[in-house]
Amino acid sequence: MKILDGKLVSQSVKDELKKQVDALIARNKKVPHLAAVLVGTNGASETYVASKIKNCAETGFKSSLVRLNEDVAESDLIEAIEKLNNDEDVDGILVQLPLPKHINEEKIINLIRPDKDVDGFHPQNTGKLLLGQPTFIPATPYGIMLMLEHYAIETAGKHAVVIGRSNIVGRPMSILLSLNTNPGNCTVTLCHSRTKNLDNFCREADIIVAALGKPGFLTADMVKENAVVIDVGITRVPDATKKSGFSIKGDVDFNNVAPKCSYITPVPGGVGLMTIAALLKNTFNAYKAKHGM
Ligand code: GUN
């Protein structure tokens, strides 16, 4: 069993980006600029956005944060996004999800300029992804593909089971794994809350991507010997031994599943770190496209 080390792989992605940013600075060029929009004070969203900003700084990117109150009027959020859309200095925009219930998430995503949509959530970018055209790939699936690539994991002809059909992770992941690319060329089964006999699909899988947000859901009896297991779960569960009062739990029962796997990602230290590295890569790609590089 080999651990897929998100810390190591994300650092190598960030080191490569930093080198390119340093080269820009040496030529007195502007650096890539990521603008994040955070609505409300959801603890997990606060943590993710803070981490994205910290990683921008470590990689030499400029970042800015637009904070809006939980009860912001939709029209004010729209105005904030339009401002970023029109800001020549901003290369990439991300609106941290989920948004408060009174805001129409789809409307907001549709408003982000596709060429600044570094989350890859805009329908235009989703369409390109489906067609296998170059685009911004949503950061979590992109990060997983970078991880598979880094460890040269054979995927062609393999049966991949993706659990969870979210627009952010499961569905784009299923598309990426099915494309005629490397990594890719999998036979993909996309399982979800209405799937019957989910255990049986999992037991048939060479690769499992668990992205349903249920701590410890994937147990050892659901996993074939030598499977590759990718754990996207990052649920906060109460933990009195932690200063924060919670610990982060993945969707995989790691201790019991890991011994059966050829490769497995840990939580923390796996996919989460790759998500941020992939977001930075998308931001750099937005910068390059804008500057004709
Ligand atoms: N919420 C959970 N994951 C993500 C992500 O990748 N991007 C944004 N914007 N919000 C999220």
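Note: the structure precedes this text.
Before going into details, it helps to say that this report is about the structure given with it.

Each value, and the rule that gives it
- Residues numbered from 1 in each chain as written.
- Predicted model: local features only at pLDDT ≥ 70, side-chain atom pairs only at ≥ 80, totals over all residues.
- Heavy atoms only, no water.
- Phe/Tyr/Trp six-rings, centres within 6.5 Å; stacked < 30°, edge-to-face > 60°.
- Helix = DSSP H or I, 4+ residues; strand = E, 2+ residues; numbered from the N terminus.
- Contact = heavy atoms within 4.5 Å.
- Axes fitted to C-alpha atoms, helices over the stretch in contact; angles between N-to-C directions.
- Left-handed = near helix turned anticlockwise from the far one by under 90°.
- Nonpolar A, V, L, I, M, F, W, Y, C, P; charged D, E, K, R; others polar.
- Buried < 20%, exposed > 50% of the residue type's maximum accessible area, 1.4 Å probe, protein only.
- Pairing = 2+ DSSP bridges.
- Disulfide = S-S within 2.5 Å.
- Salt bridge = Lys/Arg side-chain N within 4 Å of Asp/Glu carboxyl O.
- 1 Å grid on protein atoms, 1.4 Å probe; cavity = no way out; pocket = protein on both sides within 12 Å on 5 of 7 lines; lining within 4 Å.
- Points joined across faces, edges and corners; volume = space filled by probe spheres on them.

**Some words on the packing of aromatic side chains**
Taken as a whole and judged by the stated rule, the model has three aromatic pairs. Ring centres 5.9 Å apart and planes at 25° place the aromatic pair Phe-284 and Tyr-287 in the stacked group. Residue Phe-284 and its partner Tyr-287 are both found in helix α10 (residues 271–290); the two are separated by three residues, about one turn of the helix. Through a chain of ring-to-ring contacts, the aromatic side chains of Phe-61, Phe-284 and Tyr-287 assemble into a single cluster.

**Quick word on the environment of Lys-2**
Note on placement: Lys-2 falls in strand β1 (residues 2–3). When neighbours within four sequence positions are excluded, Lys-2 is seen to be in contact with Tyr-151, Ser-262, Tyr-263 and Ile-264.

**Digging into the packing of helix α6 (residues 139–150) against helix α7 (residues 170–178)**
Running from amino to carboxyl end, α6 crosses α7 at an angle of 35°, the nearest separation of the two axes being 9 Å. Read as a crossing pair, α6 and α7 show a hand that is right-handed. Of the residues in α7, those in contact with Pro-141, Tyr-142, Ile-144, Met-145 and Leu-148 of α6 are Pro-172, Met-173, Leu-176 and Leu-177. Of the residues that constitute the contact of α6 with α7, the class distribution is nine nonpolar, no polar and no charged.

**Some details on unusual backbone geometry**
In this structure, the amide linkage connecting Asn-182 to the following residue, Pro-183, adopts the cis form with an omega of 0°. With respect to the helices, strands and loops of the structure, Pro-183 is situated in the loop between α7 and β6 (187–191). Of note in the backbone geometry, Asn-197 takes a positive phi value of approximately 55° without being a glycine. Counting through the fold element by element, Asn-197 comes out in the loop between β6 and α8 (198–203). When its relative accessible area of 55% is taken as the criterion, Asn-197 is described as exposed. Of note, Asn-226 is a non-glycine position whose phi angle comes to about 70°, a positive value. Relative to the helices and strands, Asn-226 is located in the loop between β7 (207–210) and β8 (228–231).

**A look at the sheet that holds strand β11 (residues 263–264)**
Within the open sheet, the six strands sit side by side as β1-β11-β8-β7-β5-β6. Their pairing is parallel. On the outer flanks of this sheet lie β1 and β6, each paired with one strand and no other. Across two bridges, the pairing between β1 and β11 is parallel. Counterpart to Ile-3 in the pairing with β11 is Ile-264. Each of β5 (159–163), β6 and β7 touches α7; the most contacted strand, β6, lies at about 170° to it.

**Overview of the state of the cysteines**
Simply put, the disulfide is a covalent bond whose two ends are the sulfur atoms of two cysteines. Under the definition given, this model contains zero disulfides. Residue Cys-186 stays outside any disulfide, its sulfur separated by 14 Å from that of Cys-191, the closest cysteine. Unpaired in this structure, Cys-261 has its nearest cysteine sulfur neighbour in Cys-202, at a distance of 12 Å.

**Some points on the pattern of salt bridges**
Pairs may arise between side chains of opposite charge once their charged atoms sit close together. The full count for this structure, using the stated rule, is 13 salt bridges. The shortest N-O distance in the salt bridge between Lys-30 and Asp-91 comes to 3.1 Å. Of this pair, Lys-30 sits in the loop between α1 (6–26) and β2 (33–39) while Asp-91 sits in the loop between α3 (74–86) and β4 (92–95), and the two are 61 residues apart along the sequence. A salt bridge links Lys-290 to Asp-91, with the nearest nitrogen and oxygen atoms 3.1 Å apart. Taken as a pair, Lys-290 in helix α10 and Asp-91 in the loop between α3 and β4 lie far apart in primary sequence, 199 residues in all. Its relative accessible area of 1% is what places Asp-91 among the buried residues.

**Brief notes about the sheet that holds β4**
Pairing in this open sheet of three strands is parallel, and the strands run β3-β2-β4 from one edge to the other. Unpaired on one side and paired on the other, β3 (62–68) and β4 mark the two borders of the sheet. The mean inter-strand angle of the sheet, taken between neighbouring strand axes irrespective of direction, is 15°. Pairing geometry for β2 and β3, over seven bridges, is parallel. By the bridge assignment for β3, Leu-38 is matched with Arg-67. Contacting β2, β3 and β4, helix α2 (residues 43–59) runs over the sheet at an angle of about 160° to β3.

**With respect to empty space enclosed by the protein**
Evaluation of the coordinates by the stated rule reveals one cavity of 30 Å³ or more. By volume, the largest cavity amounts to about 40 Å³. Surrounding the largest cavity, Ile-93, Leu-94, Val-95, Ile-109, Ile-112, Asp-117, Asp-119 and Phe-121 form its lining. A per-element tally of the lining of the largest cavity places β4 first, with three residues. A class-by-class count of the residues in the lining of the largest cavity yields six nonpolar, no polar and two charged.

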